[in-house]
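Residues per chain, in single letters:
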Amino acid sequence: MMLIECPWCGPRNETEYGYGGEAHVAYPADPNALTDNEWAKFLFYRKNPKGLFAERWVHSAGCRRWFNAVRDTLTYEFKAVYKPGEPQPIATTNAPAQGGTK
Amino acid sequence: MAEQVLTDISALRTSPLAHMAFALQQGAVAGERGVSARELAFTTQIGLRAEPGSEAHAALAAATGVGLPASVGEVAGNAEGTAVLWSGPDEFLVVAPEGTELFDDLVAALGQSAGQVVDLSANRTVVELSGPSARLVLEKGCPADLHPRSFGVGTAIATVLGPVPVLLWKTAEDTFRLLPRASFADYTARWLLDAMTEFASPEVD
Amino acid sequence: MADILPEHPEFLWHNPDPKPSYDAIIVGGGGHGLATAYYLAKNHGMTNIAVLERGWLAGGNMARNTTIIRSNYLWDESAGMYEKSLKLWEQLPEELEYDFLFSQRGVMNLAHTLGDVRESMRRVGANQLNGVDAEWITPEQVKELCPIINIGDDIRYPVMGATYQPRAGIAKHDHVAWAFARKCDEMGVDIIQNCEVTGFIKDGNRVTGVKTNRGTINAGKVALCGAGHSSVLAEQAGFDLPIQSHPLQALVSELHEPVHPTVVMSNHVHVYVSQAHKGELVMGAGIDTYNGYGQRGAFHVIEEQMAAAVELFPIFGRAHVLRTWGGIVDTTMDASPIVSKTPIDQLYVNCGWGTGGFKGTPGAGFTFAHTIANDEPHELNAGFSIERFETGHLIDEHGAAAVAH
Ligand SMILES: Cc1cc2nc3c(=O)[nH]c(=O)nc-3n(C[C@H](O)[C@H](O)[C@H](O)COP(=O)(O)OP(=O)(O)OC[C@H]3O[C@@H](n4cnc5c(N)ncnc54)[C@H](O)[C@@H]3O)c2cc1C
Ligand SMILES: [Zn+2]
């Protein structure tokens, strides 16, 4: 059971949250321009690192807002949470740090 | 026929926990470990959305008469009159006694600005849980920290009770209001009754 | 229960040091790695091979699963793969000369909603067309097969019927691993424990060996069977997999007299139950939602599962949760495995069995060994390629695999 810090509501029990998988996956600017391989990569492939991972969570039973987190997938420890649009504070293999700390 | 049309349909209204009123009354526990639950039916509830700092936000804050809460846990106003609960960074819930005429004023205040005013009165019912054991009952199924040092009188949050999403509002020392959605009200009431039962017996150590 | 556990032999395999070079290296000493080695040696005459295991043999998902074996999946590709696997299960105890308590006590998948009912009936129809023994049974028949189940209509998710596969069942998972390991060892396969693959050696686009914590080992072919770490291995090797790894938990109760004669699964309420030979009730849950390599999950998942189990089997209210544990399951977007060549020459991958690969152990080993030996898939695993995510020929088994297993 994890205590997860919502950027708006503070620490709440894991059961109040939903998981949204990898963060910072941009929708392709022009889907029609993609090859089948590129489209498959966008649709079915997500990073799956053992270690730090930038991912999305939603505080479904609380303020119902989506936010981002950097979490260690081995220890499950949350290293940082940040609001959509805010820079990613810690580098991960799926996305580099964008400056700033939290 | 025209003369026979029922003009006051409020007589036909049934609140989500009307069928549980007797059971809740029977389930009340008296004494120093006491706790009891009852429904506060037909409150006025209005959902508001406006970005803090916007004109709409300022206009709605003025129109509620009690302002808008600034952050999680905060409640503007008071439980007896009009209260506004924080439900998200740009989202609020007005809760006021039955018949409070506020909706039209809020709609007018919002005008054409970006935002929302929605009558949500039938969405959730209110269950009031009170007594020295109220917090202990809630702690059986609510994972939020309800210790008075972090959850004082006048605090309200969105959380869960067992599997049910509820708004939980502490209106007085030993008194909480729970706002489950109407379709979850029956389950919530039965859950509470079950959780209250043990307090009718002396504490086992 | 009535069966007596087989005597534990003194030793089943040697613990050799790695040789400098092998014709083929299999990464991962779980059920799939061992079965692959077994069929490589037995069917394809490749005995100069090694199975490298980072921990101890079958310490991954192989001995953490709830051992359900069945083949009633929806699509033709799956029916082919899982039914082949089930047929192999039926002959393995004799072939491996090891009684690993394969018990064909039947498996039922309960339907609790009208949607469930329709989908289940469709699957039964598809199974029958594919020669898989499957039938639709009524709540009364469910009750007859498993008297302790509550088929009342006053529960949250009443039993509206079930699919039933009589030939399905359970087996004792650690013994299955040991049975394969012993035979592999007898045929000359090196089973090397405490040997973690940390990288790959390549010559151009061709794999030529692996780096391990016990030195570099050369290999003509390398086959990945590293369930739980498929993405990590693929990344080291330099290719992508459409895999997400999640915690999956299971639990057992204390030992009980025989009360549960079959296997009951319910996707809708997220629970599956059988009673092991010793007498403990074995139950599995749904995956924890987040990606995780921690071999542990959250308690609320267990709690929800117990609530569902007690409603279906009121008698379980008297039982206790004795132990819970977790594994790491590698899931794909279509809930079907990948048994395939990779973009790298002489490198092969068997992964993505998610919550349901125990039953596939012999089938995976059989087809994967063929793929490795011939550098070409067997007809039964041709559909389970990595390319299907690009061509769109997905094998969507969410209905049959659903929550788990
Ligand atoms: C709780 C639970 C319940 C389940 N229930 C069922 C069920 O009822 N029926 C069913 O069919 N399936 C079930 N499954 C799924 C099934 O267990 C797996 O799909 C299957 O075991 C995977 O194949 P395996 O046995 O080879 O995996 P594993 O036993 O996990 O083998 C993979 C091995 O690779 C090793 N490895 C990883 N990385 C490296 C490396 N770098 N170097 C060397 N070795 C490495 C690991 O240590 C591990 O031993 C369940 C799984 C879990 C977790
Ligand atoms: Zn929140």
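What comes next concerns the included structure. On a predicted model such as this, the values are computed, not experimentally measured, just so you know.

What counts as what
- Residues numbered from 1 in each chain as written.
- Chains lettered and ligands numbered in written order.
- Predicted model: local features only at pLDDT ≥ 70, side-chain atom pairs only at ≥ 80, totals over all residues.
- Heavy atoms only, no water.
- Near = heavy atom within 4 Å.
- Polar contact = N/O pair within 3.5 Å; in protein donor to acceptor, adjacent residues only side chain to side chain.
- Areas by Shrake-Rupley, 256 points an atom, 1.4 Å probe, with all protein chains shown as cover.
- Helix = DSSP H or I, 4+ residues; strand = E, 2+ residues; numbered from the N terminus.
- Contact = heavy atoms within 4.5 Å.
- Buried area = accessible area lost by both parts, 1.4 Å probe.
- Salt bridge = Lys/Arg side-chain N within 4 Å of Asp/Glu carboxyl O.
- Nonpolar A, V, L, I, M, F, W, Y, C, P; charged D, E, K, R; others polar.
- Phe/Tyr/Trp six-rings, centres within 6.5 Å; stacked < 30°, edge-to-face > 60°.
- Buried < 20%, exposed > 50% of the residue type's maximum accessible area, 1.4 Å probe, protein only.
- Lys NZ or Arg CZ within 6 Å of the ring centre and 35° of its normal.
- Donors = N, O, S within 2.8 Å, 3.2 Å for Na, K, Ca; no water.
- Tetrahedral: all angles 85-135°; square planar, octahedral: opposite > 155°, others 65-115°.
- Pairing = 2+ DSSP bridges.
- Axes fitted to C-alpha atoms, helices over the stretch in contact; angles between N-to-C directions.

What about the site of ligand 1?
Residues and elements named next belong to chain C.
Here's step 1: In the vicinity of ligand 1 lie 38 residues, with E53, N61, M62, T66 and K359 positioned nearest.
Here's step 2: A distance of 3.0 Å separates an oxygen atom of ligand 1 from a polar backbone atom of H32.
Here's step 3: One nitrogen or oxygen atom from the side chain of N65 is found 3.3 Å from an oxygen atom belonging to ligand 1.
Here's step 4: Here ligand 1 loses 97% of its free accessible area of 1000 Å² to cover by the protein chains.
Here's step 5: Secondary structure elements with two or more residues in the shell around ligand 1: α1 (31-44), β12 (244-255) and β16 (321-331).
Here's step 6: Counting residues per element, the shell around ligand 1 draws most heavily on β12, at three residues.

Topic: the interface of chain A and chain C
When the parts come together, some accessible area is lost, and that loss is often what is quoted as the size of the interface.
Here's step 1: Taken together, the contacts link 24 residues of chain A with 28 residues of chain C.
Here's step 2: Interface of chain A and chain C: buried area, both sides summed, is about 2200 Å²; carbon and sulfur atoms make up 54% of it.
Here's step 3: Interface area lost by chain A to chain C is led by F44, N48 and Y76 of chain A, which between them contribute 33%.
Here's step 4: The tally of links between chain A and chain C comes to one salt bridge.
Here's step 5: If you look at where chain A meets chain C, you find 16 residue pairs in polar contact (both at pLDDT 80 or more).
Here's step 6: Those elements that place two or more of their residues in the side of chain A that touches chain C are α1 (36-44) and β4 (52-58) of chain A.
Here's step 7: Looking at the side of chain A that touches chain C element by element, the count peaks at six residues for α1 of chain A.
Here's step 8: In terms of residue class, the side of chain A that touches chain C is built from twelve nonpolar, five polar and seven charged.

Quick look at the packing of aromatic side chains
Here's step 1: As enumerated under the stated definition, the model contains 18 aromatic pairs over all chains in all.
Here's step 2: The interplanar angle of 40 degrees and the centroid separation of 6.1 Å between the aromatic rings of W57 of chain A and Y290 of chain C together place this pair among those described as tilted. Here W57 of chain A, found in strand β4, pairs with Y290 of chain C, found in the loop between β15 (280-287) and α7 (299-312), and the two come from separate chains.
Here's step 3: The exposure class assigned to W57 of chain A is buried, which follows from its relative accessible area of 1%.
Here's step 4: The exposure class assigned to Y290 of chain C is buried, which follows from its relative accessible area of 1%.
Here's step 5: A network of ring pairs unites the aromatic residues Y19, W57, Y76 and F78 of chain A together with Y290 of chain C as a single cluster.
Here's step 6: A cation over a ring is seen here: R46 of chain A above F42 of chain A, with NZ or CZ 5.5 Å from the ring centre.
Here's step 7: For K84 of chain C, the ring lying beneath its charged end belongs to F366 of chain C, and the centroid distance is 4.2 Å.

Quick word on the arrangement of the chains
Here's step 1: Ranking the two pairs of chains in contact by number of contacts places chains A and C first.
Here's step 2: Between chain B and chain C there is no contact, and the shortest C-alpha to C-alpha separation is 9 Å.

A word on the coordination of the zinc ion (ligand 2)
Residues and elements named next belong to chain A.
Here's step 1: With distances of 2.0 to 2.5 Å, the protein atoms coordinating the zinc ion (ligand 2) are C6 (SG), C9 (SG), H59 (ND1) and C63 (SG).
Here's step 2: Coordination at the zinc ion (ligand 2) comes from four donor atoms whose angles at the metal span 103 to 122 degrees, giving a geometry best classed as tetrahedral.
Here's step 3: Sequence spacing of the donors to the zinc ion (ligand 2): C-x2-C-x49-H-x3-C. Of this pair, C9 sits in the loop between β1 (3-6) and β2 (10-13) while C63 sits in the loop between β4 and β5 (66-72); the two residues are 54 residues apart in sequence, bridging distant segments of the chain. Of the two residues, C9 and C63, neither departs from the other in class, the shared state being buried.

Remarks on the sheet that holds strand β5 (residues 91-96) of chain B
Residues and elements named next belong to chain B.
Here's step 1: The strand order β3-β4-β5-β2-β6 describes an open sheet built from five strands, whose pairing is antiparallel. Only two strands of the sheet have a single neighbouring strand rather than two, namely β3 (75-77) and β6 (116-119). Across the sheet, the mean angle from the axis of one strand to that of its neighbour is 20 degrees, orientation sign disregarded.
Here's step 2: Bridge analysis of strand β2 (residues 44-49) against β5 gives six bridges, and the strand direction is antiparallel.

Section: the interface of chain A and chain B
Here's step 1: Across the boundary between the two partners, chain A contributes eleven residues, which contact 13 residues of chain B.
Here's step 2: Three residues, W8, R12 and R65 of chain A, lead the burial of chain A against chain B; their summed loss comes to 43% of the area buried on that side.
Here's step 3: One salt bridge in this structure joins R65 of chain A and D90 of chain B, with 2.4 Å as the shortest N-O distance.
Here's step 4: The interface formed by chain A and chain B holds six residue pairs in polar contact (both at pLDDT 80 or more) in total.

Some thoughts on the sheet that holds strand β8 (residues 155-161) of chain B
All names here are of chain B.
Here's step 1: Here we have five strands laid out as an open sheet, ordered β1-β7-β10-β9-β8, and antiparallel in their pairing. Looking at strand neighbours, the two that pair on one side only are β1 (36-40) and β8, the edges of this open sheet. Along the sheet, successive strands turn relative to each other by an average axial angle of 30 degrees, direction set aside.
Here's step 2: Along the sheet, helix α5 (residues 182-196) makes contact with β1, β7 (126-130), β8, β9 (164-172) and β10 (175-180), crossing β10 at roughly 145 degrees.

Looking at the pattern of salt bridges
Pairing between side chains of opposite charge can happen when their charged atoms approach one another.
Here's step 1: What the rule picks out here adds up to 29 salt bridges over all chains.
Here's step 2: Between E91 of chain B and R64 of chain A there is a salt bridge whose closest N-O contact spans 3.4 Å. Here E91 of chain B is found in strand β5, whereas its partner R64 of chain A is found in the loop between β4 and β5 on a different chain.
Here's step 3: According to the relative accessible area criterion, R64 of chain A is partly exposed, its value standing at 42%.

Description of the side chain of R123 of chain C
Here's step 1: In this fold, R123 of chain C is placed in helix α3 (residues 114-129).
Here's step 2: With residues near it in sequence (within four places) discarded, R123 of chain C still touches N72, Y73, L74, T163, G399 and A400 of chain C.

Side note on unusual backbone geometry
Leave glycine aside and you will find that most residues have negative phi; peptide bonds, for their part, are mostly trans.
Residues and elements named next belong to chain C.
Here's step 1: One non-glycine residue, N194, lies in the positive phi region at around 55 degrees.
Here's step 2: At H270, a position not held by glycine, the phi torsion is positive, near 60 degrees.
Here's step 3: As for its position among the elements, H270 is in the loop between β13 (263-266) and β14 (271-275).

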